[in-house]
Amino acid sequence: MPKLLRIAAVLATVPALVSGPALLSAKSEPTPYDSVDPMIGTGGEGHTFPGAVAPFGMVQLSPDTDTTCTIRDCYGHAAGYRYEDPTIQGFSHTHFSGAGHSDLGDFLVMPVSGDAVPLEPGSATDSASGYRSRYSHATEVAQPGYYAVTLADYGVRAEMTAGTRIGVHRYTFPADKAAHLVFDLRTSLYNYPGKVLWSSIRLRGDRTITGCRQTRGWAPDRVLCFAMQLSAPVAGHAFVDTEKSVAYRGFQGPGRGTDKVAYKQGRAIVARLDFGQLPRPLEVKVAISSVDEAGALANLASEPGDFDAIRAKTRAEWQKALGAVEIEAPEGMRTSLYTALYHSLLAPSIAGDVDGRYRGADNQVHTVDFPFRSTFSLWDTFRAEQPLLTLIQPEKVNSDIVRSLLASQQDSPFGILPVWQFQGRETWTMIGYHAVPIIADAYLKGIKGFDADKALDAMVASATYGPYGDLADYMKLGYVPIDKEPEAASKTVEYAYDDWTIARMADAMGRKDIAARFYKRAGYWRNTFDPKTGFVRARKSDGQFRTPFDPTAINYGSDYTEGNAWQYSWFVPQDQAALFKAMGGDKAAIAKLDAMFDFDNSKLDYSHAEDIAGLIGQYIHGNEPSHHVAYLYDYAGAPWKTQGRLKQIVESQYKPTPDGLSGNDDLGQMSAWLVFTSLGFYPVTPGSLQYAIGRPFVDRATIHLPNGKAFTVIADNMDDAHPFVGSVTLDGKPFARSYVTQGEIMAGSTLRFTMQARPNKRWASGRSARPYSMSAAER
């Protein structure tokens, strides 16, 4: 059948294909699971993927709409799938959720029906040019742990689900057409020439295929292996090395003995697997391992069951994970919030095998007695994503995340904690040593299960490794000099915050010598603040601020990291009171905050800066340095202004549509910001054991805490006409400060807001009512 006629025939069957259990049941009160829309963020610059994944799962089985992008447009395809694209190239097993960089997209599978089986993907705009296919969004179903779509050019219904370390495909082929799979080991996200260094594939009998590949991408020299189990025997196959254009054909047909092995290795391997006409759907179960084929086979065996069994198990896991927060809110907000919670539970993902083996930062194989985790986008996630997990998934922090960070420090050739790591491999992307606040925050919140002394030693080792980010000059001069190190202004203030968290943990452990040393370093932000301009600026080795100076300039490798002076001049979360004093006092700080949000950008062009999205004046919600800024009015005694700015941000930066995120979700950080903000509070300073209060965006929400208690937020009289907080009570008693503590949350309290039309300028305005600042705190 010609392709155009086939498309019409397939679309005619769409209602039958997507009906039944795949559709949400019609309920007036959908469950948290049913409220999630994985399509949010797949358009625009959200960079999320719609495919199947278990909570923190090792496999993210999702469609790739294009892996043939150039360096310039790979940014938009960082998650493999882009909602605007007209074709699907195939389904691969590893993806980042919302990253600002491309990689992964490992082991792409594409079902093909009919006689002709192309081995090249073809053009993204012309499905007839290769094995890719057109599709319609009307045929897509995306739920936590499940994805389905109809491939119009082949008449194939494709379904995906995933377990902890496996992904399972189910393909329903036309009954009268021969069924094939194209298995492409060449493709990858950010697929520039030479990225795949080596690959191998072997057929073990007629239902099992294994192999490995080595890539050189964002993470250098990354090894990943796979094991694939098929529900139907392979009737024929071809393993082709397209670099040499020589095909290797193994045994043909089933029944020739499972002792025969077909094997191929090279840098550009693509396989064709033939099944003939299939009377029932073909299931393809795939496990991965960063260690070896044996590890992938063991991971495969560790999760038995067919497609429906794996899907049901993962659905139950998602229902439990999402049920940690009960939300009552208008439908659109509820969808946005449960999707944000879903996105917050995807990483750090498991990266170790079922037997405890994993490949570490030194590219060697190590073994631990816990599930090793990776995908640490720490510059992003230390702000809100990781603090959220300490409330709703503390056992993951306890048993997995902190110990994984510490294991990686032990594996590191430099003896330092991860910076931006995935699958155990370091990328050295972004700045700071932000594993430090994650460990300190967990320890201070009472999360145990790791050796605190070894953790503190690892934190100090990371903060004193001179070659990293010019820490040598930072320790000697009290700032990072711009003539020695790029992005020096940003690095100085971020190092100072990280140092404060080391001091906090050391203080709590009674290590007063370390605490005193790092409290001093926590004040180094002062060395980069220019009182004449009122901005944080880069200084040279001779002590002079670098000129010329333009606070609106954004250029990569300049004084700041993915931002400018407007964003970075507010990054002193450990001592906002001292910063405001340096700016000239509360009134001056409030005026400067207002100037930031109200800035006229009409004459500025930031199109050269990929990560600059979601602008409100010089506030940039699409990137992390601005994420705490709206809450800073609290620290100046004007929480009513925080409430107004939060309404402005939430209404302009989030919506329940594919383009519903204003910038990269960054492994859950954008989403975690919305979850916290909707509940009425936010962790401006992880490690302080406090959360700055904003205003709620839900009618009611309950966090089910790991200690068996529940923290509840209630908003009375909340609607668009009543955007301001009139009064607050905690467990029925008047509450007159603009922060809530970790202890109050864990006690299972009820925080009740009464909203009103006009701002209450007296509520929480006194100095004693403000959140933590180092210079104002008693130690």
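Up top you'll find the structure we're talking about.
So, a few notes on the structure that sits alongside this text. Source: prediction; values computed, not measured. (Residues numbered from 1 in each chain as written. Predicted model: local features only at pLDDT ≥ 70, side-chain atom pairs only at ≥ 80, totals over all residues. Heavy atoms only, no water.)

### Concerning the overall build of the chain
Within the chain, the secondary structure is distributed over 20 helices and 38 strands. The globule rule puts the C-alpha radius of gyration for 779 residues at 28 Å, and the 27 Å found for the chain is close to it. In the chain, buried positions account for 65% of the 779 residues. Of the contacts formed within the chain by residues at least 6 apart in sequence, a portion of 70% connects residues at least 24 apart. Split by element, the accessible area of the chain, about 26,200 Å² in all, is 52% carbon and sulfur. Counting 78 positive and 85 negative side-chain charges, the chain places the centres of these two groups 2 Å from one another. (Helix = DSSP H or I, 4+ residues; strand = E, 2+ residues; numbered from the N terminus. Rg over C-alpha atoms; globule rule 2.2 N^0.38 Å. Buried < 20%, exposed > 50% of the residue type's maximum accessible area, 1.4 Å probe, protein only. Contact = heavy atoms within 4.5 Å. Areas by Shrake-Rupley, 256 points an atom, 1.4 Å probe, with all protein chains shown as cover. Lys, Arg positive; Asp, Glu negative; His and termini not counted. Charge placed at Lys NZ, Arg CZ, Asp CG, Glu CD.)

### What about helix H16 (residues 576-583)?
Taken together, the buried positions of H16 are occupied by Gln-576, Ala-578, Leu-579, Phe-580 and Met-583. In this structure, the buried side of H16 is in contact with strand E27 (529-530) and helix H17 (586-597). With its phi angle positive at about 115 degrees, Gly-584 sits one or two positions after the end of H16.

### Quick word on the environment of Pro-193
In this fold, Pro-193 is placed in the loop between strand E10 (179-184) and strand E11 (196-204). It is 15 Å that separates the C-alpha atoms of Pro-193 and Gly-105, two residues lying 88 residues apart in sequence.

### Points about the side chain of Glu-159
As for its position among the elements, Glu-159 is in strand E8 (residues 156-162). A distance of 2.6 Å separates the side chain of Glu-159 from the side chain of Tyr-146, its partner in a polar contact. Those residues in contact with Glu-159 that lie beyond four places of it in its chain are Tyr-146, Tyr-147, Ala-148, Val-168, His-169, Arg-170 and Phe-307. (Polar contact = N/O pair within 3.5 Å; in protein donor to acceptor, adjacent residues only side chain to side chain.)

### A word on the packing of helix H8 (residues 385-392) against helix H19 (residues 669-679)
The interhelical angle for the contact between H8 and H19, taken along N-to-C directions, is 55 degrees, at an axis separation of 8 Å. It follows that H8 is oblique to H19 by the angle criterion. For the pair H8 and H19, the sense of crossing is left-handed. Of the residues in H19, those in contact with Glu-385, Pro-387, Leu-388 and Leu-391 of H8 are Gln-669, Ala-672, Val-675 and Phe-676. (Axes fitted to C-alpha atoms, helices over the stretch in contact; angles between N-to-C directions. Parallel < 35°, antiparallel > 145°, perpendicular 65-115°, else oblique. Left-handed = near helix turned anticlockwise from the far one by under 90°.)

### A few points about the pairing of strand E13 (residues 222-230)
Burial analysis of E13 places 8 of its 9 residues in the buried class, which makes it a mostly covered element. Sheet topology places strand E12 (residues 208-215) next to E13; 8 bridges connect them, and they run antiparallel. Residue pairing across strands places Gly-211 opposite Phe-226, the latter belonging to E13. Taking the residues between adjacent antiparallel strands as the criterion, E12 and E13 are bridged by 6 residues, where Asp-221 takes a positive phi near 55 degrees. Bridge analysis of E13 against strand E18 (residues 282-289) gives 6 bridges, and the strand direction is antiparallel. Opposite Ala-227, over in E18, you have Ala-287 as the bridge partner. (Pairing = 2+ DSSP bridges.)

### Description of the packing of aromatic side chains
A full pass over the atoms with the stated rule returns 40 aromatic pairs. Arranged with centres 3.8 Å apart and planes meeting at 10 degrees, the rings of Tyr-358 and Phe-372 form a pair that is stacked. Pair noted here: Tyr-358 is in strand E21 (residues 357-359) and Phe-372 is in the loop between strand E22 (365-367) and strand E23 (373-374), with a separation of 14 residues, a long-range link. Exposure remark for Phe-372: the relative accessible area of 1% places this residue in the buried category. Consider the rings of Tyr-631 and Tyr-682, whose centres lie 5.1 Å apart with planes at 15 degrees: the pair is stacked. Of the two residues, Tyr-631 is situated in the loop between strand E30 (619-620) and helix H18 (639-653) and Tyr-682 in strand E31 (residues 681-682); the sequence distance between them amounts to 51 residues. Just as Tyr-631 is buried, Tyr-682 falls in that class too. Here the aromatic cluster, defined as three or more aromatic residues joined through ring pairs, consists of Tyr-631, Tyr-654, Trp-673, Phe-676, Phe-681, Tyr-682, Tyr-691 and Phe-711. When the ring centre of Tyr-479 is taken as reference, the NZ or CZ atom of Arg-539 above it lies at 4.8 Å. The cationic tip of Lys-592 hangs over the ring face of Phe-535; the distance from NZ or CZ to the ring centre is 3.7 Å. (Phe/Tyr/Trp six-rings, centres within 6.5 Å; stacked < 30°, edge-to-face > 60°. Lys NZ or Arg CZ within 6 Å of the ring centre and 35° of its normal.)

### Some points on the state of the cysteines
What the rule picks out here adds up to 1 disulfide. Each disulfide pairs two cysteine sulfurs, and for Cys-212 the partner residue is Cys-225, the sulfurs being separated by 2.1 Å. Note on the Cys-212 and Cys-225 pair: the S-S dihedral is about 100 degrees, so by sign convention the disulfide is right-handed. Placement of Cys-212 in strand E12 and of Cys-225 in strand E13 is noted, with a sequence separation of 13 residues between them. (Disulfide = S-S within 2.5 Å.)

### A closer look at a negative patch on the surface
On the surface, Glu-29, Glu-326, Glu-328 and Asp-699 cluster together into a patch of negative charge. Glu-326 sits in the partly exposed class, given a relative accessible area of 43%. (Patch = residues over 30% accessible without salt bridge, like charges linked within 9 Å, V, L, I, M, F, W, Y side chains within 5 Å. Salt bridge = Lys/Arg side-chain N within 4 Å of Asp/Glu carboxyl O.)

### Quick look at the nonpolar core
The biggest cluster of nonpolar side chains holds 161 residues, and the ones touching the most others in it are Ile-439, Trp-673 and Phe-681. Non-local contacts of Ile-439, meaning those with residues more than four positions away in its chain, are made with Val-402, Leu-405, Leu-406, Leu-417, Phe-450, Ala-455, Met-459 and Met-505. Of all hydrophobic cores here, the second largest spans 56 residues; its members include Met-39, Leu-151, Ile-201 and Leu-273. (Core = buried A, V, L, I, M, F, W, Y, C linked by side-chain atoms within 4.5 Å.)

### Details of helix H11 (residues 452-463)
Between its terminal C-alpha atoms H11 stretches 16 Å, which fits the 16 Å expected from 12 residues at 1.5 Å a residue. Lining the buried residues of H11 we find helix H9 (394-411), helix H10 (435-444), helix H12 (471-477), helix H13 (488-508) and helix H14 (512-522). Between the side-chain oxygen at the start of H11 and the backbone nitrogen of Asp-453 there is a gap of 3.0 Å, and the oxygen is on Asp-451. (Expected span 1.5 Å × (residues − 1).)

### Topic: the pattern of salt bridges
In total, this model carries 39 salt bridges according to the counting rule given. Where Asp-106 meets Arg-222, a salt bridge forms, and the shortest distance between an N and an O atom there is 3.0 Å. In this pair, Asp-106 sits in the loop between strand E3 (90-92) and strand E4 (108-113) while Arg-222 sits in strand E13, placing the two residues 116 residues apart along the sequence. Among the residues examined, Asp-106 registers a relative accessible area of 0% and is labelled buried. For Arg-222, a relative accessible area of 2% puts it in the buried group. Asp-507 is the partner of Lys-512 in a salt bridge, and the nearest nitrogen-oxygen pair spans 2.5 Å. Among the ionic contacts, a cluster of salt bridges with common partners joins Asp-103, Asp-106, Lys-195, Arg-213 and Arg-222.

### Let's talk about the sheet that holds strand E25 (residues 420-422)
Spatially, E24-E25-E26 is the arrangement adopted by the 3 strands of the open sheet, whose pairing is antiparallel. Two strands in the sheet have a free side with no partner beyond their single neighbour: strand E24 (376-377) and strand E26 (425-426). Both E24 and E25 contribute to a ladder of 2 bridges, which runs antiparallel. Residue Phe-376 lies in a different strand from E25, and its bridge partner there is Gln-421.

### Some points on the environment of Pro-118
Tracing the sequence through the fold places Pro-118 in the loop between E4 and strand E5 (133-134). In the structure, Pro-118 is positioned 64 residues away from Val-182 in sequence and 8.2 Å away in space, judged by C-alpha atoms. With residues near it in sequence (within four places) discarded, Pro-118 still touches Gly-130, Tyr-131 and Val-182.

### Considerations on unusual backbone geometry
In this structure, Pro-348 follows Ala-347 across a cis peptide bond, with omega equal to 5 degrees. As for its position among the elements, Pro-348 is in the loop between helix H6 (331-343) and strand E20 (349-350). Residue Pro-548 is bonded to the preceding Thr-547 through a cis peptide linkage, with omega at 0 degrees. Positioned with a positive phi, His-47 is a non-glycine residue whose angle comes to about 60 degrees.

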